Amino acid sequence: MANPSLSKSGGDPGITPLSPSHIQQSDTDQVQSGPSFVVVVAIDFGTTSSGYAYAFTKEPECIHTMRRWEGGDPGVSNQKTPTTILLTPDRKFHSFGYAARDFYHDLDPSESKHWLYLEKFKMKLHTTANLSIDTEIHAANGKRVKALDIFAYALAFFKEQALKELSDQTGSEFDNSNVRWVITVPAIWKMPAKQFMREAAYKSALVSRENPEQLIIALEPEAASIYCRKLRLHQMVDLGTQTTQNGFSPNDNVGSGMTQAKEHARRNRQSRTFLVENVIGELWSELEEGDRYVVMDCGGGTVDLTVHQIRLPEGHLKELYKASGGPYGSIGVDYEFEKLLCKIFGQDFIDQFKIKRPAAWVDLMIAFESRKRAAAPERTNPLNINLPFSFIDYYKKFRGHSVDHALRKSNVDFVKWSSQGMLRMSPDAMNTLFKPTIDHIIQHLTELFEKPEVSDIKFLFLVGGFAESALLQQAVQNMLQGRSRIIIPHDVGLTILKGAVLFGLDPSVIKVRRSPLTYGVGVLNRFVEGKHPPEKLLIKDGTRWCTDVFDTFIAADQSVALGEMVKRSYTPAKPSQQVIVIHVYCSEKERAGFISEPGVRKCGTLRLDVSGTESSAPRREIQTLMQFGDTEIRAMAIDVSTGRTVKASIDFLSH
């Protein structure tokens, strides 16, 4: 037993751990015996598009995807709606998705500049280094709004849509308390971003703070992995095998398989209900105990990779290597297109045009989107992109010469002007726009496959909307050189959504995860001459202490089982103390000796509310249990002398 804790109120590193230990609970006492839900609704809140799906707990094999949205895009058959949101000039919620885009587009330019239109805002949670409740994002007209409000509006919109559909289905008003909600996030997101999503859910009244377990945060590639286990052979395209699926031979080019798969998906889509068979899919039956596979989730904003190993007989999953990836989603291609426009027409003009004619800029990007989807390795004919009239008109006013003149004058030779008012891009020019993003993905994949934990990978599942890109498929094929079979599920953009519903029905399917970071706290240890640096010496009441020692709760890439707890005991410095605040530190490195080392940063606070637990015991011991094996980090605590629960919370958002 170490020395009594010297924790001061305010949580300086003056804490000595009383009893460091890891305990593994058996699976049974870990299953939450909370309220039973009638239905699970999953929301896939994507960077570029979003949607929801649901299943009733009585018929878990029936997954229903949301109704058709009003106003789709030509050439983009999708059941999701764009992640776009429109607020009125006085910042009230107006509309979401296609409705927001179409309304904004139809506004008069003099009016539209007062409305707040937001798109692709989810990436802000990934890219903001010190994310907080007050983080702001920019609308198309340059005005700033609180990110939390925008996320809450979006979740409230999905809540309303889903409850309306459930009410219609069941024939009576459907009560939100009967729903277990699941929200998907990228696996590479840090804890602050996950907590931000949860805060937005509380703000939108999706769930209440009193019932946190009504909402589960699911990791996107994990959800995809759970769904991929259920695939039948007719529900996917296997790149590079010699067997025929859906009646086409894989030696036809990559694209044609996807085209037929899309057609197959389109015919199936009329029903909107997917039957997930309880048996394990045929593909899965080829997997044996211990087999490994990678899920590569390629979305609009991020690319996320997880490495899973199968555990039979139940087919539980174990994560073999911590989630990795980065901001290499398909919007990278849009940024390259924007850079190309800046090169031709000048950065000053493009910046000005976006602010002065925001709706026309949105139009131009929609036009680019449909051509972007037509890019393919074998394509020989050019791609035409419509320039909105106001672009041509505003450019002439701005520069005093025509768009045509700008194209001739710029030394971009693979983009020409066609007399019908279009930009004509050669296929090579389009492929060049994809290159930086695809290069990032391939470089990451190459590095991942070099890790010892990532050897002998049987399958690579390509999922997410960007996985439909023939250019990306070909690049992955070239990189793998047949080392793993590449599998693409049909309706690849809905894979995560359907998997998230399955995860909500049984969150314990993933039994072992890897910690993305090393977490711990600063403590005092007895000073040992020769071992501890002299500048860390603190003498207190005649005892020599070493300060700032990093007490590791869990190390980066350490495997943690679901329900496994890290246990520590803390003691209030004064009997009258109401709250113990302990700073939590983290590091990318597996080992940290001191909290003052480079690379170690303060990332959160653990708060123990010890008010009302005064006891006659001379020293109160507060036993804290932290859980790292789930998709979010949780804490609970008990006062050992009284056995009463102490309110414990772990916060990663307040700075």
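Residues numbered from 1 in each chain as written. Predicted model: local features only at pLDDT ≥ 70, side-chain atom pairs only at ≥ 80, totals over all residues. Heavy atoms only, no water.

In the annotation of an unreviewed UniProt entry, the protein is listed under the name Heat shock 70 kDa protein 12A and assigned to Xiphophorus couchianus. As recorded by UniProt, the Subunit (unreviewed entry) comment attached to the protein reads in full: "Interacts with SORL1 (via cytosolic C-terminus); this interaction affects SORL1 internalization and subcellular localization." Per UniProt, the protein carries the Function (unreviewed entry) text "Adapter protein for SORL1, but not SORT1. Delays SORL1 internalization and affects SORL1 subcellular localization." (UniProt positions renumbered as here; feature names shortened; annotations may be inferred.)

## Topic: the overall build of the protein
When you go through the protein residue by residue, the secondary structure sums to 16 helices and 33 strands. Going through the 655 residues of the protein one by one, you find that 56% of them count as buried. In the protein, once contacts between residues fewer than 6 apart in sequence are set aside, the share between residues at least 24 apart is 71%. Here the protein has roughly 27,500 Å² of accessible surface; of this, 50% comes from carbon and sulfur atoms. (Helix = DSSP H or I, 4+ residues; strand = E, 2+ residues; numbered from the N terminus. Buried < 20%, exposed > 50% of the residue type's maximum accessible area, 1.4 Å probe, protein only. Contact = heavy atoms within 4.5 Å. Areas by Shrake-Rupley, 256 points an atom, 1.4 Å probe, with all protein chains shown as cover.)

## Topic: the confidence of the model for the protein
When pLDDT is averaged across the protein, the result is 85; 85% of the residues are at 70 or more. Summarising per-element confidence for the protein, the mean pLDDT is lowest in strand β1 (residues 21–24) (49) and highest in strand β11 (residues 179–185) (97). Low pLDDT (under 50) marks residues 24–34, which in the prediction has 14 contacts with non-local residues, meaning those over four places away or in another chain. Low pLDDT, under 50, characterises residues 242–253; the predicted model gives this stretch 21 contacts beyond four residues in sequence or across chains. (pLDDT = per-residue confidence, 0-100.)

## Comments concerning the sheet that holds strand β27 (residues 559–561)
Overall, mixed pairing links the eight strands, which are arranged β13-β22-β21-β15-β16-β17-β23-β27 in an open sheet. The sheet is open, and its two borders are formed by β13 (236–239) and β27, each paired with just one other strand. On average, adjacent strands in this sheet sit at an angle of 25° to one another, irrespective of strand direction. When strand β15 (residues 292–298) meets strand β16 (residues 303–311), the two strands line up antiparallel, connected through seven bridges. Residue pairing in the sheet places Met-296 in a bridge with Leu-305 of β16. (Pairing = 2+ DSSP bridges. Axes fitted to C-alpha atoms, helices over the stretch in contact; angles between N-to-C directions.)

## Focus on the nonpolar core
Membership of the largest hydrophobic core comes to 148 residues, with the highest contact counts inside it found for Met-296 and Phe-345. Sort the elements by how many residues they give to this core and helix α4 (residues 147–170) lands first, with 11 residues. The residues contacting Met-296, other than those within four sequence positions of it, are Val-303, Asp-304, Leu-305, Ile-441, Leu-445, Leu-460, Phe-461, Leu-462, Val-463 and Val-476. Of all hydrophobic cores here, the second largest spans 32 residues; its members include Val-521, Ile-582, Phe-594 and Ile-650. (Core = buried A, V, L, I, M, F, W, Y, C linked by side-chain atoms within 4.5 Å.)

## Quick look at helix α9 (residues 331–345)
The first and last C-alpha atoms of α9 sit 21 Å apart over 15 residues, in line with the 21 Å expected at 1.5 Å per residue. Listing the buried residues of α9 in full gives Ile-331, Gly-332, Val-333, Asp-334, Glu-336, Phe-337, Glu-338, Leu-340, Leu-341, Cys-342, Ile-344 and Phe-345. At the exit of α9 stands Gly-346, carrying a positive phi of roughly 95°. (Expected span 1.5 Å × (residues − 1).)

## A word on unusual backbone geometry
One non-glycine residue with positive phi stands out, namely Gln-481, at about 50°. Along the chain, the position of Gln-481 falls in the loop between α15 (470–480) and β22 (485–489). With relative accessibility at 64%, the residue Gln-481 sits in the exposed group.

## Overview of the pattern of salt bridges
In the structure shown here, the tally under the stated rule is 27 salt bridges. The closest approach of N and O atoms between Glu-160 and Lys-164, which form a salt bridge, is 4.0 Å. Remark: Lys-164 and Glu-160 occur in helix α4; sequence separation between them is four residues, near one turn of the helix. Residue class for Glu-160 comes out partly exposed when judged on its relative accessible area of 46%. Overall, Lys-164 belongs to the partly exposed group, its relative accessible area being 43%. Several salt bridges share partner residues, and in doing so they unite Lys-120, Asp-334, Glu-369, Lys-372, Arg-373 and Glu-468 into one network. (Salt bridge = Lys/Arg side-chain N within 4 Å of Asp/Glu carboxyl O.)

## So, the packing of aromatic side chains
What the rule picks out here adds up to 30 aromatic pairs. A ring pair is formed by Phe-45 and Phe-121, whose centres lie 6.2 Å apart and whose planes are at 85°; its orientation type is edge-to-face. One end of the pair, Phe-45, is in strand β2 (residues 39–45); the other, Phe-121, is in the loop between β8 (116–119) and α3 (123–127), and 76 residues separate them in sequence. The buried category is assigned to Phe-121, whose relative accessible area is 4%. Ring geometry for Tyr-104 against Tyr-117: centres 4.3 Å apart, planes inclined by 0°, an arrangement best described as stacked. Note that Tyr-104 is positioned in helix α1 (residues 98–106) and Tyr-117 in strand β8, a separation of 13 residues in sequence. Accessibility assignment for this pair places Tyr-104 and Tyr-117 in one class, buried. An aromatic cluster is defined as three or more aromatic residues linked by ring pairs; in this entry it consists of Phe-345, Phe-349, Phe-353, Phe-391, Tyr-394, Tyr-395 and Phe-398. (Phe/Tyr/Trp six-rings, centres within 6.5 Å; stacked < 30°, edge-to-face > 60°.)

## Some details on the pairing of strand β32 (residues 634–639)
Side-chain alternation along β32 places Ala-635, Ala-637 and Asp-639 on a buried face and Arg-634, Met-636 and Ile-638 on a face that remains uncovered. Sheet topology places strand β31 (residues 622–627) next to β32; six bridges connect them, and they run antiparallel. Bridged to Ile-622 within β32 is Asp-639. Joining the antiparallel neighbours β31 and β32 is a turn of six residues. Pairing of β32 with strand β33 (residues 644–651), which is carried by three bridges, proceeds in the antiparallel orientation. Paired with Ile-638 across the bridge in β33 is Thr-645.

## Considerations on the sheet that holds β8
The antiparallel open sheet is built from three strands, whose spatial order is β7-β6-β8. Of all strands in the sheet, those bounded by a partner on one side alone are β7 (93–96) and β8. The average undirected angle you get between the axes of adjacent strands in this sheet is 20°.

## What to know about the side chain of Thr-84
Among the structural elements, Thr-84 can be located in strand β6 (residues 84–87). Sequence-distant contacts of Thr-84, defined by excluding residues within four places in its chain, comprise Ser-95, Phe-96, Gly-97, Ala-100, Arg-101, Tyr-117, Leu-118 and Glu-119.

## Some points on the packing of α9 against helix α14 (residues 427–449)
The contact between α9 and α14 brings their axes to 8 Å, and the two run at 135°. Considered as vectors, α9 and α14 are oriented oblique to each other. Seen from above, α9 lies across α14 with right-handed handedness. Residues Gly-332, Val-333, Glu-336, Phe-337 and Leu-340 of α9 form the contact with α14, whose own contacting residues are Leu-433, Phe-434, Pro-436 and Thr-437. Class assignment for the residues of the contact of α9 with α14 results in six nonpolar, two polar and one charged. (Parallel < 35°, antiparallel > 145°, perpendicular 65-115°, else oblique. Left-handed = near helix turned anticlockwise from the far one by under 90°. Nonpolar A, V, L, I, M, F, W, Y, C, P; charged D, E, K, R; others polar.)

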